[in-house]
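Structure assessment
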Amino acid sequence: MRASLKDLENAVNQVKLLKKDPGNEVKLKLYALYKQATEGPCNMPKPGVFDLINKAKWEAWNALGSLPEETARQNYVDLVSSLSSSSESSSQVKPGADKEHAGYGTLVVTSEDGITKIMLNRPTRKNAISTQMYQEIILALKAASQDDSAITVLTGNGDFYCSGNDLTNVTDTPLGGIEEKAKNSTNLLRDFVASFIDFPKPLIAVVNGPAVGIAVTLLGLFDIVYASDRATFHTPFSHLGLSPEGCSSYTFPKIMGPTKATEMLTFGKKLTAREACAQGLVTEVFPDATFQKEVWTRLTAYAKLPSNVLRISKQVIRNREKEKLHSVNVEESSIIQGRFLSEESMNAVMNFLSKRAKL
Ligand SMILES: CCCCC/C=C/C(=O)SCCNC(=O)CCNC(=O)[C@H](O)C(C)(C)COP(=O)(O)OP(=O)(O)OC[C@H]1O[C@@H](n2cnc3c(N)ncnc32)[C@H](O)[C@@H]1OP(=O)(O)O
């Protein structure tokens, strides 16, 4: 039986519930099939050469030629059904599922033995931070700041700690256009970083693998950073036409001195875990084979210390910097808003999206 309009509508709703991001190529295919199924052959003028996202969409739709609407509808429904079954059968690790806090789509949040663990959980995207993940981390930190755990840990699921800002975040441009998108992203970035600045108890990064961009800059706001010897630390802002964020323009020069900070933040020098440790960004490096065991044994012992005094000590160490950090965050966010709109930045993102560039 051919797919009906109702089947198409159901499939569209199913896409929103996929547990796994299907990737840009599949998303383009879904877009093209949907347009073909609902509007017939491509009827839009070809977008200009710099309008890369709309051009990619136009090309995907146009490539379907005169494919009949019913066939496009059926292909869309079949594609969604294959995505749904592979997403359901995906067996990503969900440690501590029994102590898991419900309601997060991009994180696994657990509380056990005085530790709240926030685990970035988009391993197939190298834990890139999507808009949803930014929002969920803000919420998870807020909840952790009020729960009865002594310490809070941020870590990644899979082979990466985090590949930084999800570069596809730019693709869902609102009606107000790219300027509004830049403003929304900057506001989100500012609120996200503020939630780290204000976090009231010891915050520990368990860096299980490579870290990129904002996942690195934020480390200057953590109280302890433990890294596997497989981890690397890379802030390729200039390659992306972007400027430093996460308060790194202030914390990195303080931590490692201005010239080392410049090598990282301006010239994009990638550090090994041992180099990052030598420069003070990482507290201690562990062999990857024993990383999880050694780190969790140590953290479990730390979390047994009286929780009130842990909070107070953190605040004594950090509070006099808070006001400064907030003003740096506001300034960095305002500068990056302009960078988002620059041709340098747009080209870099488009090169990545069209698979021409990788770090
Ligand atoms: C709110 C605004 C904040 C703005 C400030 C910006 C802050 C930043 O964080 S800037 C840094 C942004 N990050 C990057 O530029 C990293 C881009 N990714 C890469 O260069 C590579 O993917 C890699 C080096 C991180 C990993 O390479 P590899 O081990 O070869 O793995 P794949 O490239 O095959 O990755 C698997 C899959 O995941 C997708 N992906 C990885 N990182 C990102 C990302 N940051 N954004 C979007 N998508 C990402 C990658 O495209 C692959 O997808 P498929 O090809 O569809 O499988």
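Described in the following lines is the structure provided in the data block.

How each quantity is defined
Each chain carries its own residue numbering, running from 1 in the direction its sequence is written. The predicted nature of this model means local features are confined to residues of pLDDT at least 70 and side-chain atom pairs, given and counted, to a pLDDT of 80 or more, with totals for whole chains, interfaces and linings taken over all residues. Only hydrogens and water are set aside when side-chain values are computed; all heavy atoms of the structure are taken into account. Lines fitted to the C-alpha atoms define the axes, with helices restricted to the stretch that makes contact. Angles between their N-to-C directions range from 0 to 180 degrees. Strands are runs of DSSP state E lasting at least two residues, helices are runs of H or I lasting at least four, and both sets are numbered from the N terminus onward. What sets the label is the angle itself: under 35 degrees gives roughly parallel, over 145 gives roughly antiparallel, 65 to 115 gives roughly perpendicular, and the rest give oblique. Whether a crossing is left-handed or right-handed is set by the direction in which the near helix is turned from the far one by less than a right angle, anticlockwise for left-handed and clockwise for right-handed. Note on definitions: a residue-residue contact is assigned when non-hydrogen atoms from the two residues lie within 4.5 Å. Amino acid classes used here: Ala, Val, Leu, Ile, Met, Phe, Trp, Tyr, Cys and Pro are nonpolar; Asp, Glu, Lys and Arg are charged; the rest, including Gly, are polar. A helix is expected to span 1.5 Å for every residue after the first. Here the term buried applies to any residue with accessible area under 20% of the maximum for its type, exposed to any over 50%, and partly exposed to those in between, with areas from a 1.4 Å probe on protein chains only. By definition here, a salt bridge exists when the distance from a side-chain nitrogen of Lys or Arg to a carboxyl oxygen of Asp or Glu is within 4 Å. Strand pairing requires that DSSP identify at least two bridges connecting the strands.

1. Here we look at the packing of helix H5 (residues 131–146) against helix H6 (residues 177–197)
- Running from N to C, H5 and H6 cross one another at 30 degrees; their axes reach a closest spacing of 9 Å. By the criterion of interaxial angle, the relationship of H5 to H6 is roughly parallel. Here H5 runs over H6; the crossing is left-handed. Residues Thr131, Tyr134, Gln135, Ile137, Ile138 and Leu141 of H5 form the contact with H6, whose own contacting residues are Leu188, Asp191, Phe192, Ser195 and Phe196.
- Looking at the contact of H5 with H6, its residues break down into seven nonpolar, three polar and one charged.

2. Focus on H6
- Here H6 spans 31 Å end to end across 21 residues, near enough to the 30 Å set by a 1.5 Å rise per residue.
- For H6, the complete set of buried residues consists of Gly177, Lys181, Ala182, Thr186, Leu188, Leu189, Phe192, Val193, Ala194, Ser195, Phe196 and Ile197.
- Contact partners of the buried residues in H6: H5, strand S4 (151–156), strand S5 (203–207), helix H7 (214–217) and helix H12 (307–340).

3. Looking at the pattern of salt bridges
- Tallied over the full model, the rule gives 16 salt bridges.
- A salt bridge links Glu9 to Lys6; the shortest N-O distance between them is 3.6 Å. One end of the pair is Glu9 and the other is Lys6, both in helix H1 (residues 5–16) and three residues apart, which spans about a single turn.
- Looking at Glu9, the relative accessible area reads 43%, which means it is partly exposed.
- The salt bridge involving Lys201 is made with Asp147; its shortest N-O contact spans 2.8 Å.

4. Things to note about the side chain of Ser345
- Counting through the fold element by element, Ser345 comes out in helix H13 (residues 343–353).
- Judged by relative accessible area, Ser345 falls into the buried class, the value being 4%.
- Look past the residues within four positions of Ser345 in its chain and what remains in contact with it is Leu240, Gly241, Leu242, Arg339 and Phe340.

5. Focus: the sheet that holds strand S6 (residues 211–212)
- Spatially, S6-S8-S9 is the arrangement adopted by the three strands of the open sheet, whose pairing is mixed. Only two strands of the sheet have a single neighbouring strand rather than two, namely S6 and strand S9 (271–272).
- Sheet topology places S6 next to strand S8 (residues 232–234); two bridges connect them, and they run parallel. Across the sheet, Ala211 pairs through a bridge with Phe233, a residue of S8.

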